[in-house]
Amino acid sequence: MRTPTLGLIVVFGLGAAACRPDVAYGTYECGPEVACPEGQQCDETSDLCVAPPNAKGFTCPDGDLEPDNDITTAQPVGTLTCVSTARQLKSCLENGDGLDLYKFAVPDGCASSAVTAVLASSIAYEELKVTLTAADGTTVIAADTECASPSPNDARVTRCISAPVAASTSYVLRVEPTGSGACGGACAFNRYSLTVQLGTH
Amino acid sequence: MIALVIAPASAAAGSGGMAGNATPTDELGNAKSDDGTATVQVNSTQIVIKSTPDRTPKNIAILAGVAGAGALVGGLGLYYHLDARDLSGKVSTADFTNRPWTPTLQAAYDKANHEATYATVAYSIGGALLVGAAVALIVTAPSEETTIIHPHVGAAPTRGGAAVSAAWSF
């Protein structure tokens, strides 16, 4: 009688052990502040949770076009038409880089123009924000808000600006960290894409 | 309580005046009590009564209590087991999920781990109680008691006949 009972204990014990979560490497993207399942680490190159020995440090594959921290060195978005196609720029804010500036001009003769800017970044690293300013780079015209259509990818966060702009006028878009989600400074960086489009409102 | 039917094996087998009575017998033809806890063996010199006393109510209550507690704790283990299985199913994967590891998933992961531990502990305690109850059931089983009755038969002639007497000692 004892042997079958002990056998049942072993079977149930193993059964309970089998109910522990089992997450394979590379199956989840890094969460906020490089969160990963126990025993895994965020690979800051691929944004995937991997085995610790395979986790690499943060890189900026699309290049960070420095210097771009003041109005004279702001990166040009490119030539936009009154109703333009979306222009996407990819870059990153590395640790210690507190600002990326982008400048664009609204062509002459554009009536009832509006600019739409979408900033998409990873949730794994420091949060970013985008602000529309006047040509001086400091006078705020519009701050970003939550996008009407959130990112289909839960690992990406998007912030949006939609604001009227005047013809024959230059503007600057400021991309900068918010200070939150930076892992106490250990993940104070992020990759992002900035999409800019002119249209009418 | 033991109910005994004392009768020779031959009578118990259904012969003579005992025919039609439902006196139970064992495979050797010995009479048995209705509840099967005693057997009576009759031979020419003695009557042997073997009986097994009932467990005391206290013994039954303790055994039932321990076994019941084991089942209860085991049931608790099963509850945690199933809950841990459900939670684990929400986070466990072998394929790319295209989802980030969020605090919600981390909470489910932690809870599943904790509940799996609770299940293991509950199974161990419940199993130990059941084993204890099983061992106690064996150890505290009442031992068989044997009573031997010696019959004494006497016969004396009397006027116009004879007197036969019988006595039993035990």
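Please refer to the structure placed before this passage.
Everything quoted here is computed from the prediction, not taken from an experiment.

A. Expanded view of the overall build of chain B. Helix and strand content of chain B: 3 helices and 5 strands. Counting helices and strands in the order they occur from the N terminus, chain B gives α-β-β-β-α-α-β-β. Residues counted as buried form 26% of the 170 residues belonging to chain B. Nonlocal contacts in chain B, meaning residues at least 24 apart in sequence, comprise 57% of its contacts between residues at least 6 apart. Summing over all exposed atoms, chain B offers an accessible surface of approximately 10200 Å²; the carbon and sulfur share of this is 62%.

B. Just the environment of Ser180 of chain A, in detail. Residue and element names in this part refer to chain A. Along the chain, Ser180 falls in the loop between strand S11 (169-177) and strand S12 (190-200). In the structure, Ser180 is positioned 54 residues away from Glu126 in sequence and 5.9 Å away in space, judged by C-alpha atoms. Among residues more than four places away in sequence, those in contact with Ser180 are Glu126 and Glu127. Within the structure, the side chain of Ser180 is placed 3.0 Å from the side chain of Glu127, a separation counted as a polar contact. Side-chain polar atoms of Ser180 contact the side chain of Thr178, separated by 3.1 Å.

C. Structural detail: the interface of chain B and chain A. On the chain A side, the residues contacting the 35 residues of chain B number 32 residues. Buried surface at the junction of chain B and chain A, summed over both partners, amounts to about 2600 Å²; 66% is from carbon and sulfur atoms. Our count for the contact surface shared by chain B and chain A stands at 0 salt bridges. Between chain B and chain A we count 11 residue pairs in polar contact (both at pLDDT 80 or more) in total. Listed by contribution, the elements that provide at least two residues to the side of chain B that touches chain A are helix H2 (57-91) and helix H3 (103-139) of chain B. No other element matches H3 of chain B, which puts 18 residues into the side of chain B that touches chain A.

D. Structural context of H2 of chain B. The end-to-end C-alpha distance of H2 of chain B is 51 Å, a good match for the 51 Å that 35 residues give at a rise of 1.5 Å each. Buried residues of H2 of chain B: Asn59, Leu63, Gly70, Gly74, Gly77, His81, Ala84, Leu87, Ser88 and Val91 of chain B, and no others.

E. Region of interest: the state of the cysteines. All names here are of chain A. Per the counting criterion, the structure on display carries 6 disulfides over all chains. Covalent S-S linkage joins Cys30 and Cys42, the inter-sulfur distance amounting to 2.0 Å. In this structure the cystine formed by Cys30 and Cys42 twists about its S-S bond by roughly 100°; its chirality is therefore right-handed. With Cys30 in the loop between helix H1 (2-18) and strand S1 (41-43) and Cys42 in strand S1, this residue pair connects regions lying 12 residues apart in the sequence.

F. Looking closely at the environment of Arg20 of chain A. Note that Arg20 of chain A resides in the loop between H1 and S1. There is a polar contact of 2.9 Å between the side chain of Arg20 of chain A and the side chain of Thr117 of chain B.

G. Representation of the side chain of Thr27 of chain A. Note that Thr27 of chain A resides in the loop between H1 and S1. For Thr27 of chain A, a relative accessible area of 2% translates into the label buried. A polar side-chain atom of Thr27 of chain A sits 2.7 Å from the main-chain carbonyl oxygen of Ala24 of chain A. Thr27 of chain A has contacts with Cys49 of chain A together with Thr93, Ala94, Asp95, Phe96, Thr97 and Asn98 of chain B, leaving out every residue within four places of it along the chain.

H. Layout of the nonpolar core. By size, the foremost hydrophobic cluster in this structure holds 25 residues, and its most contacted members are Phe104, Leu132, Leu173, Val175 and Leu194 of chain A. For this core, the elements supplying multiple residues, two or more each, are strand S4 (87-93), strand S5 (100-106), strand S6 (113-122), strand S7 (128-134), strand S10 (156-165), S11 and S12 of chain A. The element contributing the most residues to this core is S12 of chain A, with 4 residues. In contact with Leu194 of chain A, not counting residues within four places along its chain, are Arg87, Gln88, Leu89, Tyr102, Ala117, Val118, Leu119, Val130, Leu173 and Val175 of chain A. Tyr28 of chain A together with Leu87, Val91 and Ala112 of chain B belong to the second largest nonpolar core, which has 20 residues in total.

I. Quick look at the packing of H2 of chain B against H3 of chain B. Residue and element names in this part refer to chain B. Packing of H2 against H3 brings their axes to within 7 Å, and their N-to-C directions diverge by 160°. Our classification of the angle between H2 and H3 gives roughly antiparallel. Between H2 and H3 lies a crossing whose hand is left-handed. Grouping the amino acids of the contact of H2 with H3 by side-chain chemistry returns 27 nonpolar, 6 polar and 4 charged.

J. Expanded view of the sheet that holds S4 of chain A. Residues and elements named next belong to chain A. The strand order across the open sheet built from 5 strands is S4-S12-S6-S10-S9, with neighbouring strands paired in antiparallel fashion. The sheet terminates laterally at S4 and strand S9 (145-146), the two strands that pair on one side only. Note that S4 and S12 share 7 bridges and pair antiparallel. Residue pairing for S12: Leu93 is matched across the bridge by Asn190.

K. Layout of the sheet that holds S11 of chain A. Residues and elements named next belong to chain A. Here we have 5 strands laid out as an open sheet, ordered S3-S5-S11-S7-S8, and mixed in their pairing. Every other strand in the sheet has two partners, leaving strand S3 (75-76) and strand S8 (140-143) as the edge strands with one partner each. Here S3 runs beside S5; their pairing, made up of 2 bridges, is parallel. Considered in S5, the bridge of Pro76 is made with Lys103.

Cut-offs applied
- Residues numbered from 1 in each chain as written.
- Chains lettered and ligands numbered in written order.
- Predicted model: local features only at pLDDT ≥ 70, side-chain atom pairs only at ≥ 80, totals over all residues.
- Heavy atoms only, no water.
- Helix = DSSP H or I, 4+ residues; strand = E, 2+ residues; numbered from the N terminus.
- Buried < 20%, exposed > 50% of the residue type's maximum accessible area, 1.4 Å probe, protein only.
- Contact = heavy atoms within 4.5 Å.
- Areas by Shrake-Rupley, 256 points an atom, 1.4 Å probe, with all protein chains shown as cover.
- Polar contact = N/O pair within 3.5 Å; in protein donor to acceptor, adjacent residues only side chain to side chain.
- Buried area = accessible area lost by both parts, 1.4 Å probe.
- Salt bridge = Lys/Arg side-chain N within 4 Å of Asp/Glu carboxyl O.
- Expected span 1.5 Å × (residues − 1).
- Disulfide = S-S within 2.5 Å.
- Core = buried A, V, L, I, M, F, W, Y, C linked by side-chain atoms within 4.5 Å.
- Axes fitted to C-alpha atoms, helices over the stretch in contact; angles between N-to-C directions.
- Parallel < 35°, antiparallel > 145°, perpendicular 65-115°, else oblique.
- Left-handed = near helix turned anticlockwise from the far one by under 90°.
- Nonpolar A, V, L, I, M, F, W, Y, C, P; charged D, E, K, R; others polar.
- Pairing = 2+ DSSP bridges.

By themselves, these are just geometric observations and shouldn't be taken as functional.
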